Amino acid sequence: NSKTALLFEKENTISIEELIKDYGYLNEEHLMWVLERLLSIVGYVHSKKIVHGNIKKENILIDVENHNVKLMDLTLATINADDKKSKYNIINENYSPSYVSEKTKVYPNVDIYALGILAIELLGGDIERKAMRISINLELRNFIRKMLDYKENDAWKLWDELIDLRKKLYPNKTFKKLEKKLK
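What counts, and where the lines are drawn
- Here the residue index of a chain counts from 1 through its sequence in written order.
- Residue-level local features of this predicted model are given only where pLDDT is at least 70; pairs of side-chain atoms are given and counted only at 80 or more, and the full residue set underlies all totals for whole chains, interfaces and linings.
- With hydrogens and water stripped out, all remaining heavy atoms of the structure feed into the side-chain values.
- Each helix is a run of H or I in the DSSP string that is no shorter than four residues. Each strand is a run of E no shorter than two, and both are numbered from the N terminus.
- Take the number of residues in a helix, subtract one, and multiply by 1.5 Å to get its expected span.
- Think of it in three bands: residues with accessible area under 20% of the maximum for their type are buried, residues over 50% are exposed, and the middle band is partly exposed, with areas taken using a 1.4 Å probe on protein chains only.
- Within this scheme, the nonpolar core is defined by two criteria: the residues are buried Ala, Val, Leu, Ile, Met, Phe, Trp, Tyr or Cys, and they are joined through side-chain atoms within 4.5 Å.
- Any two residues whose heavy atoms approach within 4.5 Å at even a single point are treated as in contact.
- Throughout, the protein atoms alone are placed on a 1 Å grid, and a set of points is a cavity if a 1.4 Å probe fits but cannot get out or a pocket if it is open with protein on both sides within 12 Å along at least five of seven lines; lining residues have an atom within 4 Å of a point.
- Grid points are joined across faces, edges and corners, and a volume is the space filled by probe spheres set on the points.
- Each residue receives one of three labels: charged for Asp, Glu, Lys and Arg, nonpolar for Ala, Val, Leu, Ile, Met, Phe, Trp, Tyr, Cys and Pro, and polar for the others, Gly being one of them.
- Within 3.5 Å is the distance limit for a polar contact, defined as a pair of N or O atoms, with the added protein rule that one can donate a hydrogen and the other accept it, and that residues adjacent in sequence qualify only through two side-chain atoms.
- When DSSP finds at least two bridges between two strands, those strands are taken to pair.

J.: How should I be thinking about helix H3 (residues 109-122) in this particular structure?
T.: Note on helix geometry: an α-helix contains 3.6 residues per turn, so any two residues three or four positions apart are oriented the same way. The first and last C-alpha atoms of H3 sit 20 Å apart over 14 residues, in line with the 20 Å expected at 1.5 Å per residue. The buried fraction of H3 amounts to 14 of the 14 residues, a majority that puts the element mostly inside the structure. Looking one or two places after H3, you find Gly-124, whose phi comes out positive at around 85°.

Right, here's the structure in full:
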């Protein structure tokens, strides 16, 4: 069980705190672009039998030019997560489901759940209550709620669903860069 560190520059990326401060909460379309990229990273990590387990806003950097994301801090990830003896290495109060403990079998849904919580936060919702504004599109709210379901373990399936939803809600739309909020 060896761990590898990957170093990269923060160039052209900002933290979620900086994003919210400088750009405000994301609208639905921007959130869908960011979430699409996060689901692809999580899908790849899961395909390698790794559960990140520590997805939270502090571990994500966003490139405002193209919505690309960087998922950081795999130091507490569970390697060989499909092994029945694997256990979680960390539990985050707001980003881990309530049923997770040091004794719980490791499932990939904890990463998907964390992305759902992050989506609520990026939309300006209340992560403690897992509540989203009523003005958020119902289909998108239902999609995010689905991510909070303990049964949802397939990031690639959700990735496909999200792309279909984005195309349905925003047909023929071209990519738009984020714009800083007016002060």
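J.: Can you help me understand helix H2 (residues 28-47) in this one?
T.: Between its terminal C-alpha atoms H2 stretches 28 Å, which fits the 28 Å expected from 20 residues at 1.5 Å a residue. In terms of burial, H2 is largely enclosed, as 16 of its 20 residues are buried. One or two steps after H2, the chain reaches Lys-49, where phi turns positive at roughly 65°.

J.: I'm lost on the nonpolar core in this one. Help?
T.: Soluble globular proteins tend to bury their nonpolar side chains together. The biggest cluster of nonpolar side chains holds 44 residues, and the ones touching the most others in it are Leu-19 and Leu-39. Elements supplying a minimum of two residues to this core: helix H1 (16-23), H2, strand S3 (60-62), strand S4 (69-71), H3, helix H4 (138-147) and helix H5 (155-169). Per element, the largest residue contribution to this core is 9 residues, and it comes from H3. In this view, Leu-39 contacts Leu-115, Phe-143, Met-147, Ala-155, Leu-158, Trp-159 and Leu-162; residues no more than four positions away in its chain are not counted. Membership of the second largest hydrophobic core comes to 6 residues, among which are Val-51, Ala-81, Val-100 and Val-106.

J.: Please explain empty space enclosed by the protein as it appears in this structure.
T.: Once rolled over the atoms, a probe with the size of a water molecule shows which space is left empty. Counted according to the given criterion, the structure contains 1 cavity of 30 Å³ or more. Approximately 40 Å³ is the volume attributed to the largest cavity. Considering the residues around the largest cavity, the lining is formed by Gly-53, Asn-54, Ile-55, Asn-92, Tyr-95, Ser-96, Val-110, Asp-111 and Ala-114. Here the lining of the largest cavity is built from residues that sort into 4 nonpolar, 4 polar and 1 charged.

J.: What's the story with the side chain of His-67 in this structure? I'm lost.
T.: Here His-67 lies in the loop between S3 and S4. Side chain to side chain, His-67 and His-30 meet in a polar contact 2.7 Å long. When neighbours within four sequence positions are excluded, His-67 is seen to be in contact with His-30, Trp-33, Val-34, Arg-37, Phe-175, Lys-176 and Leu-178.

J.: Help me understand the sheet that holds S4, please; the structure alone is not making it clear to me.
T.: Sheets are built from strands paired through backbone hydrogen bonds, the pairs being either parallel or antiparallel. Across the sheet, which stays open at both edges, the 3 strands sit in the order S1-S3-S4 with antiparallel pairing between neighbours. In the strand order of this sheet, the two ends are held by strand S1 (14-15) and S4, each with one partner. Relative to S3, S1 is paired through 2 bridges, and the arrangement is antiparallel. When the bridges of S3 are listed, Ile-14 appears paired with Ile-62.

J.: So what exactly am I meant to see when it comes to the environment of Leu-169 here?
T.: Relative to the helices and strands, Leu-169 resides in helix H5. For the pair Leu-169 and Asn-137, spaced 32 residues apart in the sequence, the C-alpha separation amounts to 9.0 Å. In this view, Leu-169 contacts Met-32, Asn-137 and Glu-139; residues no more than four positions away in its chain are not counted.

By themselves, these are just geometric observations and shouldn't be taken as functional.
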